[in-house]
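# A structural walkthrough
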There are 2 protein chains.
Amino acid sequence: MNRTRLQPGDTIGILGGGQLGRMLALAAARLGLQCLVFAPEPDSPAFQVTAEPIIAAYDDHDALRAFAGRIRAATYEFENVPAETVAFLEKLVPVRPGSKALGIAQDRINEKQLAREIGAMTADFADIPSEDALRKMLPQIGLPAILKTRRFGYDGKGQVRISSEAESASAYAAMRGQPAILERMVAFQSEISVIAARDINGTFAAFDVTENEHRNGILHRSIAPARIKPNAAAEAIDIARRLGEAMDYIGVFAVEFFAEDFSRREVIRVNEIAPRVHNSGHWTQDGAATSQFEQHIRAVAGWPLGATTMRASGAEMINLIGEDALAWQNLVAEPGAYLHLYGKAEVRAGRKMGHVNRLLAKRP
Amino acid sequence: MNRTRLQPGDTIGILGGGQLGRMLALAAARLGLQCLVFAPEPDSPAFQVTAEPIIAAYDDHDALRAFAGRIRAATYEFENVPAETVAFLEKLVPVRPGSKALGIAQDRINEKQLAREIGAMTADFADIPSEDALRKMLPQIGLPAILKTRRFGYDGKGQVRISSEAESASAYAAMRGQPAILERMVAFQSEISVIAARDINGTFAAFDVTENEHRNGILHRSIAPARIKPNAAAEAIDIARRLGEAMDYIGVFAVEFFAEDFSRREVIRVNEIAPRVHNSGHWTQDGAATSQFEQHIRAVAGWPLGATTMRASGAEMINLIGEDALAWQNLVAEPGAYLHLYGKAEVRAGRKMGHVNRLLAKRP
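A few points on the structure. (Residues numbered from 1 in each chain as written. Chains lettered and ligands numbered in written order. Predicted model: local features only at pLDDT ≥ 70, side-chain atom pairs only at ≥ 80, totals over all residues. Heavy atoms only, no water.)

### Some thoughts on the pairing of strand E18 (residues 352-360) of chain A
Consecutive side chains of a regular strand alternate in pointing toward one face of the sheet and then the other. All names here are of chain A. Put simply, the rule reads: Here's how the labels work: a residue is buried when its accessible area is under 20% of the maximum for its type, exposed when over 50%, partly exposed in between, all with a 1.4 Å probe on protein chains only. Each helix corresponds to a stretch of at least 4 residues labelled H or I by DSSP, and each strand to a stretch of at least 2 residues labelled E; elements are numbered beginning at the N terminus. We call two strands paired when DSSP finds no fewer than two bridges between them.
Across the nine residues that make up E18, a large majority, seven, are buried. Pairing of strand E16 (residues 314-321) with E18, which is carried by eight bridges, proceeds in the antiparallel orientation. Along E18, the bridge assignment pairs Met317 with Asn357.

### A short note on helix H3 (residues 83-90) of chain A
All names here are of chain A. We apply this condition: Within this analysis, the arc is defined by the directions that extend from the helix axis to the C-beta atoms. Only heavy atoms matter for contacts: two residues are in contact if any of them lie within 4.5 Å across the pair.
The set of residues buried in H3 consists of Thr85, Val86, Phe88 and Leu89. Around the axis of H3, the buried residues are gathered within 160° of arc, so they sit on the same side. In this structure, the buried side of H3 is in contact with strand E1 (11-15), helix H2 (61-69), strand E4 (73-76) and helix H4 (99-105).

### So, helix H1 (residues 19-30) of chain A
Defined as follows: A helix is expected to span 1.5 Å for every residue after the first.
Taking 1.5 Å per residue as the helical rise, H1(A) with its 12 residues ought to reach 16 Å, and the 17 Å between its terminal C-alpha atoms agrees with that figure. Looking one or two residues past H1(A), A:Gly32 carries a phi angle of roughly 80°, positive in sign.

### Some words on the nonpolar core
Spelled out, the test is: We call a set of buried Ala, Val, Leu, Ile, Met, Phe, Trp, Tyr and Cys residues a nonpolar core when their side-chain atoms join them within 4.5 Å.
Ranked by size, the top nonpolar core spans 152 residues in total, and within it A:Leu15 and B:Leu15 carry the most contacts. Among the nonpolar cores identified, the runner-up in size contains 29 residues, and A:Ala105, A:Val209, A:Met247 and A:Phe253 belong to it.

### Remarks on the packing of aromatic side chains
What counts here: Aromatic contacts are taken between Phe, Tyr and Trp rings whose centres are within 6.5 Å, Trp giving its six-membered ring; a plane angle under 30 degrees counts as stacked, one over 60 as edge-to-face, and the others as tilted.
Scanning all chains against the criterion turns up 14 aromatic pairs over all chains. Relative to A:Phe78, the ring of A:Tyr58 has its centre 5.9 Å away and its plane inclined at 45°; by these criteria the two rings are tilted. With A:Tyr58 in the loop between strand E3 (53-55) and H2 and A:Phe78 in the loop between E4 and H3, this residue pair connects regions lying 20 residues apart in the sequence. Relative accessible area serves as the criterion here: at 12%, A:Tyr58 is assigned to the buried category. Residue A:Phe78 is classed as partly exposed on the basis of its relative accessible area, which comes to 23%. Aromatic pair B:Phe188 and B:Phe258: ring centres 4.8 Å apart, planes at 10°, arrangement stacked. Residue B:Phe188 is found in the loop between strand E9 (180-184) and strand E10 (190-198), and its partner B:Phe258 is found in strand E14 (residues 251-261); the two are separated by 70 residues along the sequence. A relative accessible area of 34% places B:Phe188 in the partly exposed class. B:Phe258 gets classed as buried once you look at its relative accessible area, which sits at 11%.

Set out below in structure tokens:
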């Protein structure tokens, strides 16, 4: 079943109707593939670009069964889709990437363990099932440290920085009883990510390494290629390749790294794996021969991957968060600015409303 | 009313649901604009990429009124939309381009007269309201000539070549009583087209001139820039600018020319005006900073036009007609080939199923 190749006209099911699902559906349309989006929120941005919405809860088995009956393969646009939903669907239709990859990427401990297994470095970390464990592990991991929920964190949510041992009680309380992971904070020079893909035959392809700048825990700007040494870039891509293999991955995924510059050599540590298209890959829409969205759709359809070459010496992506989107009139009038808006009616603080891509005449 | 500027989230109405409407809707989605497609055919390709279809006849006034109530501006994807439909809609909502442009472009005589008025050359032509008129005008126009219906022709339909006076009766019969135009056949070296746009302020922009190769009356291949002398290219663009002004045009339009090479000087003659995005502009999707579809949506929305610079030294577009589309597996595996499929279920001879764009490292 996992060798299924779709034909033009076939339908891909997408769990999740946010901007990533929307941009996946737009990429699929160009290739003559249809998308059916399954999401609980009636005002999902992806519903605007597909013929019929499936509005249902992720644990609605009847709705999932009917959904599976109308699609030839499924994917998801976010890693917080319930693992049970994917496991249920997987019995009925190929789901790409599968539940194995999802199980790893949904859990920060699994992620880091896999990274270490394949020979990559990570920050020092410890499993924190209780407040007691936190108190015990804090001296071992060292300060400053960061306490994160193992699951369901994104855009800096579910994270607390710990600067002194006195903060451990309040930090643990912020986890609200959820299993947590304690990580030594990395004094990184830069954050980088690899947007990579694997097709149904295991062929691997990666875009140029991206460098990311966050503000308030949310991605603000990405540039490509990242300003790191060539051997560090090659190592990051090779780690992504090995992670993809270990997860039997089909589709696009992102690996985020911290890069520490020890002048003669850059050390990179795996921070997170996202089993999906990723905000730091949005520049590929205008800056690469194939966009990450098309690349994912190709993999999900069982088609060969597209070329990942850059279309300019450099590219940048800037997120439009909340009121940033009110500047659309300037952006739409700026020659060479590629404006992408997600069709979200309400501007809210911290909400990703769109992004703008620019090509750079020089390598960053 | 004709100064209306849309906001992100607003809805554009599109009359016609073919591949042009589909690609317009995809371009609008990127900019956060919604599209509502009005078309009589339930299986219209554009319905696959929009949230809700309006399936109704173009003369259904109730449906048109309801449609107008849900959109902030309207456009059309083909020039054979009834003029009355556009005139009716225009009273309710801005229609871009308006009925004046449509009235000219729908009629080959009006088109040629306008071209001559603004100082451009055309083939010699004569209005043919009757078989008698044909017999009288044939010696004056000269042979070989071509008899065309004044209206509703596309892709070589409604055209008959006349090589001798003996053929005039059968040629006239092929018009089935429709008003016709007789044109002297031009011994052209090449066919070229200008894809141009005007915004609501009258600002004009054109893409690089395109060179077109037809097979069986249907566009087979376009390349840009056209292999014509720079002064001929500049003249073609200037003619498009003057035609756009004369039509008070808002949106994208195409002007097709015949180019005759008299070695020291190229003579270009206006052949046709298409008041819409055009097959010979599909290369702009991957080969220009702004696609013709985005350009049209920008104009219809009252937004500024985008940059028309090429993204490579050259670009080509090849149409996938009928069974050509069965080669999709090769095309999707070809690095650097940008495949576009229209979501048409049934492969039929002569049916436009998709196209493929390629960038060229060298100017053609």
